[in-house]
Amino acid sequence: KILKQIKQGKEELFVVNDKLGTPTYTHDFAKNVRLLLEKELWGLYNMVCEGFTGRLEVAKELIKILNLEHKIKITPVDSDYWKKEYFAPRPDSEMLINAKLNARNLNIMRDWKVCLKEYLEENGIEHTPEMDTPYHPGDFNIEWVIIKDAETDKELWRDPYTDFEGTIDDES
């Protein structure tokens, strides 16, 4: 949701500061599941990225990686700020540890910061000069977000304010 807000051109993000957790990168998760299957080890396992963090820290790291610290303000809020949108109660801590993986010396889950950076790189999400152009209603500036499609290797553009999109070679 944070990434979506960035793509929409938000200049301020309201991020909860009272929820702790351990993000999970699905690529690492899948690799670790494969390792367990290859070793024919069954059972219940926690599989989360290494490093304890909270949603606020994840948002700050995302903004830092995208080099948008000068453009986007992060405002810490407690969970009550979002209670209308997310009314289901959530625990203060959703942190897990990979105890069973560690005990069997099979923990290949990496640090969440490394995984976040890799995710952004693999999905072609990076800071572009276009992100520095502020948009105000009535402006005639066009702000495009350039994303590289991993499957087709084509560059795609999307105007976050109008939802128009296409490939770079489009003439329309």
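Look up: the structure comes first, before these words.
None of the values given here were measured: they were computed from a predicted structure.

What counts as what
Residues numbered from 1 in each chain as written. Predicted model: local features only at pLDDT ≥ 70, side-chain atom pairs only at ≥ 80, totals over all residues. Heavy atoms only, no water. Helix = DSSP H or I, 4+ residues; strand = E, 2+ residues; numbered from the N terminus. Buried < 20%, exposed > 50% of the residue type's maximum accessible area, 1.4 Å probe, protein only. Contact = heavy atoms within 4.5 Å. Areas by Shrake-Rupley, 256 points an atom, 1.4 Å probe, with all protein chains shown as cover. Expected span 1.5 Å × (residues − 1). Arc of directions from axis to C-beta. Phe/Tyr/Trp six-rings, centres within 6.5 Å; stacked < 30°, edge-to-face > 60°. Polar contact = N/O pair within 3.5 Å; in protein donor to acceptor, adjacent residues only side chain to side chain. Patch = residues over 30% accessible without salt bridge, like charges linked within 9 Å, V, L, I, M, F, W, Y side chains within 5 Å. Salt bridge = Lys/Arg side-chain N within 4 Å of Asp/Glu carboxyl O. Axes fitted to C-alpha atoms, helices over the stretch in contact; angles between N-to-C directions. Parallel < 35°, antiparallel > 145°, perpendicular 65-115°, else oblique. Left-handed = near helix turned anticlockwise from the far one by under 90°.

Caption draft 1: Focus on the overall build of the protein chain. Helices and strands together make up the secondary structure of the protein chain, namely five helices and seven strands. Written out in order from the N terminus, the α and β elements of the protein chain read α-β-β-α-β-α-β-α-α-β-β-β. Within the protein chain, the proportion of its 172 residues that are buried is 31%. Here the analysis covers contacts within the protein chain between residues at least 6 apart in sequence; of these, 72% occur between residues at least 24 apart. As displayed, the protein chain offers around 11500 Å² of accessible surface, 53% of which is attributable to carbon and sulfur atoms.

Caption draft 2: Quick look at helix H2 (residues 26-38). Over its 13 residues, H2 extends 18 Å from the first C-alpha to the last, a length consistent with the 18 Å expected when each residue adds 1.5 Å. By the burial criterion, the buried members of H2 are Asp28, Asn32, Leu35 and Leu36. Summarising the axial view, the buried residues of H2 lie within an arc of 100°, below the 170-degree limit, and thus occupy one face. Exposed residues lying more than 90 degrees from the buried face of H2 are Thr26, Arg34 and Glu38. Of the surrounding secondary structure, the elements contacted by the buried residues of H2 are helix H4 (99-103) and helix H5 (112-122). Note on H2: the residue one or two positions beyond its end, glutamate 40, has a positive phi of about 55°.

Caption draft 3: Quick peek at the packing of aromatic side chains. Under the counting rule described, the total for this entry stands at three aromatic pairs. Arranged with centres 6.5 Å apart and planes meeting at 85°, the rings of tyrosine 25 and tyrosine 119 form a pair that is edge-to-face. With tyrosine 25 in the loop between strand S2 (20-21) and H2 and tyrosine 119 in helix H5, this residue pair connects regions lying 94 residues apart in the sequence. Of the residues examined, tyrosine 119 reaches a relative accessible area of 36% and is grouped as partly exposed. Relative to tryptophan 82, the ring of tyrosine 81 lies with its centre 5.1 Å away and its plane at 80°, an arrangement referred to as edge-to-face. Put simply, the rings of Phe14, Tyr81 and Trp82 pair up and form one aromatic cluster.

Caption draft 4: Spotlight on the side chain of asparagine 98. Within the element layout of this structure, asparagine 98 appears in the loop between strand S4 (73-77) and H4. Residue class for asparagine 98 comes out buried when judged on its relative accessible area of 2%. Polar side-chain contacts of asparagine 98 include one of 2.9 Å to the side chain of glutamate 50.

Caption draft 5: The environment of tyrosine 45, seen in detail. By secondary structure assignment, the location of tyrosine 45 is in the loop between H2 and strand S3 (53-54). Taking the relative accessible area as the measure of exposure, tyrosine 45 reaches 15% and is therefore buried. Linking tyrosine 45 and leucine 101, residues 56 residues apart in sequence, is a C-alpha distance of 6.9 Å. Excluding residues that lie within four positions of it along the chain, tyrosine 45 makes contacts with Leu36, Lys100, Leu101 and Arg104. There is a polar contact of 2.3 Å between the side chain of tyrosine 45 and the side chain of arginine 104.

Caption draft 6: Representation of a nonpolar patch on the surface. A cluster of nonpolar residues, Leu20, Phe52, Met95 and Ile97, forms a patch on the protein surface that exposes about 380 Å² of accessible area. Position of leucine 20 among the secondary structure elements: in strand S2.

Caption draft 7: Representation of H5 within the structure. Here H5 has its buried residues at Trp112, Cys115, Leu116, Glu118 and Leu120. At the N-terminal end of H5, a side-chain oxygen is found 2.9 Å from the backbone nitrogen of lysine 113, two or three residues along, and the residue is aspartate 111. Directly after H5, the chain includes glycine 124, whose backbone phi takes a positive value near 65°.

Caption draft 8: Highlighting the packing of helix H3 (residues 55-65) against H5. Here H3 crosses H5 at 45°, and the two axes come no closer than 11 Å. The angle between the axes of H3 and H5 places the two elements in the oblique class. In the crossing of H3 with H5, the sense of the turn from one axis to the other is right-handed. Contacts between H3 and H5 pair Glu57, Val58, Glu61, Leu62 and Ile65 from the former with Trp112, Lys113, Leu116, Lys117 and Leu120 from the latter.

It is worth stressing that arrangement in space is one thing and function is another; only the former is reported here.
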